[in-house]
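If you want the building blocks of each chain, they are given just below.
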Amino acid sequence: RCYGVLTRVDRRQRRRCRSSRSGPIGSTAVEAHLRNRGITALHETGNLRFHPRCYYRPEGHGPTETWPAMIASVTNLGGSQTGAHRTWLRPDGRGKAPVETPRRAMGHLLGHGVRFGRAQDVLAAGEGIETVLSARSGLPRMPMMAALSAAHLAAILFPASLLALIHMPVPT
(Lines give C-alpha, C1' and ligand atoms only; values in the text may rest on other atoms or scores of the structure.)
Protein backbone atom coordinates (compact mmCIF):
# COMPACT_ATOMS: atom_id res chain seq x y z
CA ARG A 1 0.00 0.00 0.00
CA CYS A 2 1.11 3.54 -0.68
CA TYR A 3 0.23 6.12 1.94
CA GLY A 4 1.63 9.40 3.16
CA VAL A 5 2.92 12.55 1.56
CA LEU A 6 5.22 11.92 -1.37
CA THR A 7 8.08 14.34 -1.90
CA ARG A 8 10.14 15.02 -5.01
CA VAL A 9 12.60 12.36 -3.86
CA ASP A 10 9.77 9.81 -3.85
CA ARG A 11 8.90 10.00 -7.57
CA ARG A 12 10.22 6.48 -8.16
CA GLN A 13 8.03 5.22 -5.30
CA ARG A 14 5.04 7.05 -6.81
CA ARG A 15 5.58 5.22 -10.14
CA ARG A 16 5.81 1.91 -8.27
CA CYS A 17 2.55 2.69 -6.44
CA ARG A 18 0.79 3.48 -9.72
CA SER A 19 2.10 0.25 -11.27
CA SER A 20 1.13 -1.87 -8.28
CA ARG A 21 -2.47 -0.69 -8.53
CA SER A 22 -2.69 -1.41 -12.22
CA GLY A 23 -3.18 -4.69 -14.04
CA PRO A 24 -3.02 -6.29 -17.48
CA ILE A 25 -4.97 -4.62 -20.29
CA GLY A 26 -6.98 -7.68 -21.38
CA SER A 27 -10.78 -7.25 -21.14
CA THR A 28 -10.48 -3.67 -19.84
CA ALA A 29 -11.23 -0.15 -21.08
CA VAL A 30 -7.65 -0.06 -22.45
CA GLU A 31 -8.20 -3.08 -24.68
CA ALA A 32 -11.59 -1.69 -25.78
CA HIS A 33 -9.99 1.70 -26.57
CA LEU A 34 -7.23 0.13 -28.66
CA ARG A 35 -9.62 -2.24 -30.48
CA ASN A 36 -11.99 0.68 -31.22
CA ARG A 37 -9.03 2.38 -32.92
CA GLY A 38 -8.55 -0.67 -35.15
CA ILE A 39 -5.49 -1.97 -33.34
CA THR A 40 -5.37 -5.75 -33.61
CA ALA A 41 -1.82 -6.63 -32.53
CA LEU A 42 -1.74 -6.54 -28.73
CA HIS A 43 1.10 -9.01 -28.20
CA GLU A 44 4.21 -7.90 -26.31
CA THR A 45 2.30 -5.09 -24.61
CA GLY A 46 3.28 -5.96 -21.04
CA ASN A 47 4.49 -2.39 -20.56
CA LEU A 48 0.88 -1.20 -20.99
CA ARG A 49 -1.27 -1.49 -17.89
CA PHE A 50 -4.84 -0.70 -16.92
CA HIS A 51 -5.61 1.43 -13.87
CA PRO A 52 -9.34 1.48 -13.03
CA ARG A 53 -9.28 4.74 -11.01
CA CYS A 54 -6.24 6.83 -11.88
CA TYR A 55 -6.20 10.32 -10.39
CA TYR A 56 -6.53 13.25 -12.76
CA ARG A 57 -5.75 16.71 -11.45
CA PRO A 58 -6.85 19.57 -13.75
CA GLU A 59 -4.31 22.30 -14.55
CA GLY A 60 -4.68 25.22 -12.16
CA HIS A 61 -7.75 24.78 -10.03
CA GLY A 62 -10.46 22.19 -9.87
CA PRO A 63 -11.27 19.02 -8.01
CA THR A 64 -9.24 15.86 -8.51
CA GLU A 65 -11.14 13.26 -10.54
CA THR A 66 -10.61 9.56 -11.11
CA TRP A 67 -10.86 7.92 -14.52
CA PRO A 68 -9.79 4.60 -16.01
CA ALA A 69 -6.35 4.97 -17.57
CA MET A 70 -3.81 3.29 -19.78
CA ILE A 71 -0.47 3.45 -17.97
CA ALA A 72 2.55 2.98 -20.23
CA SER A 73 5.99 2.24 -18.84
CA VAL A 74 8.74 4.40 -20.38
CA THR A 75 12.01 2.46 -20.37
CA ASN A 76 15.67 2.99 -21.22
CA LEU A 77 17.84 0.77 -23.44
CA GLY A 78 18.46 -1.61 -20.55
CA GLY A 79 14.74 -2.06 -19.91
CA SER A 80 14.62 -0.10 -16.64
CA GLN A 81 11.61 2.12 -16.11
CA THR A 82 12.44 5.82 -16.31
CA GLY A 83 8.95 7.29 -16.52
CA ALA A 84 5.27 6.70 -17.08
CA HIS A 85 2.71 7.94 -19.60
CA ARG A 86 -0.97 8.10 -18.71
CA THR A 87 -3.95 8.24 -21.06
CA TRP A 88 -7.24 8.74 -19.24
CA LEU A 89 -10.14 6.91 -20.90
CA ARG A 90 -13.90 6.79 -20.87
CA PRO A 91 -15.08 3.86 -18.71
CA ASP A 92 -16.33 1.94 -21.77
CA GLY A 93 -13.06 2.53 -23.68
CA ARG A 94 -14.82 4.44 -26.45
CA GLY A 95 -12.36 7.31 -26.54
CA LYS A 96 -10.37 9.41 -24.16
CA ALA A 97 -11.86 10.82 -20.97
CA PRO A 98 -13.54 14.23 -21.35
CA VAL A 99 -10.79 16.11 -19.50
CA GLU A 100 -8.62 19.06 -20.54
CA THR A 101 -5.41 17.07 -21.09
CA PRO A 102 -6.20 13.35 -21.38
CA ARG A 103 -2.51 12.42 -21.86
CA ARG A 104 0.32 13.21 -19.50
CA ALA A 105 3.80 11.87 -18.92
CA MET A 106 6.15 12.04 -15.98
CA GLY A 107 9.71 10.99 -15.20
CA HIS A 108 12.82 10.90 -17.35
CA LEU A 109 11.52 10.64 -20.92
CA LEU A 110 14.21 12.15 -23.15
CA GLY A 111 15.98 9.42 -25.10
CA HIS A 112 13.62 6.73 -23.81
CA GLY A 113 10.24 5.40 -24.91
CA VAL A 114 7.45 2.86 -24.68
CA ARG A 115 8.80 -0.31 -26.26
CA PHE A 116 6.98 -3.13 -28.05
CA GLY A 117 9.26 -6.05 -28.81
CA ARG A 118 13.03 -6.15 -28.41
CA ALA A 119 15.10 -4.24 -30.96
CA GLN A 120 18.22 -5.93 -32.28
CA ASP A 121 19.20 -4.66 -35.73
CA VAL A 122 15.90 -3.08 -36.89
CA LEU A 123 13.48 -0.76 -35.06
CA ALA A 124 10.42 1.22 -36.11
CA ALA A 125 9.85 4.41 -34.11
CA GLY A 126 6.99 6.88 -33.96
CA GLU A 127 5.48 9.52 -31.73
CA GLY A 128 2.39 8.06 -30.13
CA ILE A 129 1.48 4.74 -28.57
CA GLU A 130 -1.60 4.27 -30.76
CA THR A 131 0.33 5.25 -33.92
CA VAL A 132 3.00 2.66 -33.18
CA LEU A 133 0.50 -0.07 -32.26
CA SER A 134 -1.50 0.62 -35.43
CA ALA A 135 1.62 0.05 -37.51
CA ARG A 136 2.40 -3.05 -35.49
CA SER A 137 -0.95 -4.50 -36.51
CA GLY A 138 0.45 -4.64 -40.06
CA LEU A 139 4.01 -5.60 -39.04
CA PRO A 140 3.42 -7.79 -35.98
CA ARG A 141 7.00 -9.05 -35.59
CA MET A 142 8.67 -5.64 -36.01
CA PRO A 143 10.08 -4.20 -32.76
CA MET A 144 8.68 -0.71 -32.26
CA MET A 145 8.98 2.21 -29.91
CA ALA A 146 6.73 5.18 -29.11
CA ALA A 147 8.76 8.29 -28.21
CA LEU A 148 5.62 10.16 -26.98
CA SER A 149 6.36 13.45 -28.81
CA ALA A 150 8.18 14.82 -31.85
CA ALA A 151 10.90 16.33 -29.66
CA HIS A 152 11.45 13.02 -27.90
CA LEU A 153 11.44 11.19 -31.23
CA ALA A 154 14.43 13.28 -32.31
CA ALA A 155 16.30 12.36 -29.11
CA ILE A 156 15.84 8.56 -28.98
CA LEU A 157 18.85 6.62 -27.78
CA PHE A 158 19.34 3.58 -30.02
CA PRO A 159 21.01 0.25 -29.31
CA ALA A 160 24.54 -0.03 -30.71
CA SER A 161 23.45 -3.09 -32.74
CA LEU A 162 20.82 -1.10 -34.70
CA LEU A 163 21.36 -1.24 -38.47
CA ALA A 164 18.04 0.14 -39.74
CA LEU A 165 15.51 2.61 -38.36
CA ILE A 166 12.02 2.97 -39.77
CA HIS A 167 10.41 6.32 -38.95
CA MET A 168 6.62 6.32 -38.73
CA PRO A 169 5.18 9.72 -39.61
CA VAL A 170 2.25 11.12 -37.67
CA PRO A 171 -1.02 10.42 -39.51
CA THR A 172 -2.68 13.59 -40.81
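The structure presented is a predicted model; accordingly, all values stated were derived computationally and were not measured.

Participant: Before we move on, can you summarise the sheet that holds strand E2 (residues 65-75) with the specific residues and values?
Facilitator: Sheet architecture is open: 4 strands sit in the order E1-E2-E3-E4, paired in antiparallel fashion. Strand pairing shows two members of the sheet lacking a second neighbour, strand E1 (48-56) and strand E4 (103-107), which therefore form its edges. Each adjacent strand pair in this sheet contributes to an overall mean axis angle of 30°, direction not counted. Lying over the sheet, helix H2 (residues 29-36) contacts E1 and E2, oriented at roughly 110° with respect to E1. Across the face of the sheet, helix H3 (residues 129-138) comes into contact with E1, E2, strand E3 (81-88) and E4 while running at roughly 65° to E2.

Participant: So what's going on with the environment of His51? Residues and values would help.
Facilitator: Among the structural elements, His51 can be located in strand E1. A sequence separation of 22 residues divides His51 from Ala29, and the C-alpha atoms of the two residues are 9.3 Å apart. Engagement of the side chain of His51 in a polar contact is seen with the backbone nitrogen of Arg53, the distance being 3.1 Å.

Participant: Account for H3, with residues named and values stated.
Facilitator: Taken residue by residue, H3 has Ile129, Glu130, Val132, Leu133 and Arg136 as its buried positions. Looking down the long axis of H3, one finds its buried residues gathered within 160° of arc, a one-sided arrangement.

Participant: Tell me what's going on with the environment of Gly126, and back it up with residues and numbers.
Facilitator: The topology assignment puts Gly126 in strand E6 (residues 122-126). Sequence separation of Gly126 and His167 is 41 residues, and the distance between their C-alpha atoms is 6.1 Å.

Participant: Give a detailed account of the sheet that holds strand E7 (residues 144-146), specifying residues and quantitative values.
Facilitator: Spatial ordering of the open sheet is given by E5-E7-E6-E8, a layout of 4 strands whose pairing is mixed. The sheet is open, and its two edges are formed by strand E5 (114-116) and strand E8 (164-167), each paired on a single side. Across the sheet, the axes of successive neighbouring strands diverge by a mean angle of 25°, strand direction being ignored. As defined by bridge partners, E5 adjoins E7 across 3 bridges and the pair is classed as antiparallel. When the sheet's bridge partners are listed, Phe116 is paired in E7 with Met144.

Participant: Outline H2, supporting the account with residue identities and numerical values.
Facilitator: Where H2 is concerned, the buried positions are Ala29, Val30, His33 and Leu34. All buried residues of H2 lie within an arc of 135° about the axis, which places them on one face of the element. Residues of H2 that are buried sit in contact with E1, E2 and H3. N-capping of H2 is provided by Thr28, with a side-chain oxygen placed 3.2 Å from the backbone N of Val30. In the segment just after H2, Gly38 is the residue with positive phi, at about 85°.

Basis of the calculations
Residues numbered from 1 in each chain as written. Predicted model: local features only at pLDDT ≥ 70, side-chain atom pairs only at ≥ 80, totals over all residues. Heavy atoms only, no water. Pairing = 2+ DSSP bridges. Helix = DSSP H or I, 4+ residues; strand = E, 2+ residues; numbered from the N terminus. Axes fitted to C-alpha atoms, helices over the stretch in contact; angles between N-to-C directions. Contact = heavy atoms within 4.5 Å. Polar contact = N/O pair within 3.5 Å; in protein donor to acceptor, adjacent residues only side chain to side chain. Buried < 20%, exposed > 50% of the residue type's maximum accessible area, 1.4 Å probe, protein only. Arc of directions from axis to C-beta.

None of the figures reported here should be taken as evidence of function without further support.
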